[in-house]
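Structural features, examined
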Amino acid sequence: HHQIRDTGKKEHHYWARTRLRNQDLPWESFRGYLERFQTEEHSETSVIVDGTQSMIWRLKGWEDRFPWADEPPYTNADLIYSVTPDAKILVMVRDPVKRLYSDYLFFSEEEEDRTPYSFSVEVKEEVTRFKTCLAGKSLRLCCYDSSNSHRVRLNIGICICYIPDWKARFGDNLMVIPLEDYSSDPVPHLLEAYEFLDLPLPRAVDLQAFIDNSPRENSRHSKDANKGNMLEETAGILQGFYGEYSRQFAAYIEDDRFIYNYTK
């Protein structure tokens, strides 16, 4: 959309990461973060976007900062709301089983040992570890636990743990879209998002033409595809793990599109 300003990158990682680092460094300070959005094309009608995914769920190190707390006393939603309460939050949610395997393979260029077999082993370990956490702690605490695996990020797919924190702050200024629906028919979902952002709506035919002539982002690399799909056993374990959480989230958000058609 012509009113959405390009800042040169999709993810800025301020709220989830760099705000906790050396604020004396200009590029890691809050002022430095704001300056990234001050482009020459900026105007009063411009919409600026920070597409950092991890701001939804990442609160790493909160236990050290608040050792007295049983659960995180705040989230990134609270921080952003305190700075810009009229912000609009748009979250795209994917089937957590597919998301987890895609996430695992995405970093395979950094760590060559990632295969469907290593994924299976690590999933079993992380599911066991997470269930052990739940035996003595709340779901919310286990999801925000800073010791969660950085390789098999099981917790990220538990939307019922994170989205309520954002809904509590932003209310109707929160919109959640299923990735699968967007991918299969992007035009109506983009128009819905533009309306949510109070942007003038382009013609559907023009939007479709733009999509048809644009490169596809974040498609699966051939190197990842050559590693093959996850093992059926692993898929079954994950479907069993995520199934109830997905049903709870669908009920919370009042949208059955987030109930995935698992066979197990």
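Structure: see above.
Every value quoted in this text rests on a predicted model; they were computed, and no experiment measured them.

Another aspect to go through is the pairing of strand 2 (residues 174-178). Among the 5 residues of strand 2, 5 are classified as buried, and the element is accordingly described as predominantly covered. Burial along strand 2 is two-sided: Leu174, Val176 and Pro178 facing one way and Met175 and Ile177 facing the other are all buried. Pairing between strand 1 (residues 89-93) and strand 2: 5 bridges, direction parallel. Counterpart to Val91 in the pairing with strand 2 is Val176.

In the Ramachandran plot, His13 falls in the positive-phi region, its phi being about 60° despite a non-glycine side chain. Its place among the elements puts His13 in the segment before helix 1 (30-35). Residue His13 is classed as partly exposed on the basis of its relative accessible area of 25%. The phi dihedral of Asp198 is positive, around 60°, even though this residue is not glycine. The class of Asp198 is exposed, set by a relative accessible area of 60%.

Criteria and cut-off values
- Residues numbered from 1 in each chain as written.
- Predicted model: local features only at pLDDT ≥ 70, side-chain atom pairs only at ≥ 80, totals over all residues.
- Heavy atoms only, no water.
- Buried < 20%, exposed > 50% of the residue type's maximum accessible area, 1.4 Å probe, protein only.
- Helix = DSSP H or I, 4+ residues; strand = E, 2+ residues; numbered from the N terminus.
- Pairing = 2+ DSSP bridges.

Worth remembering: the numbers are spatial, not functional.
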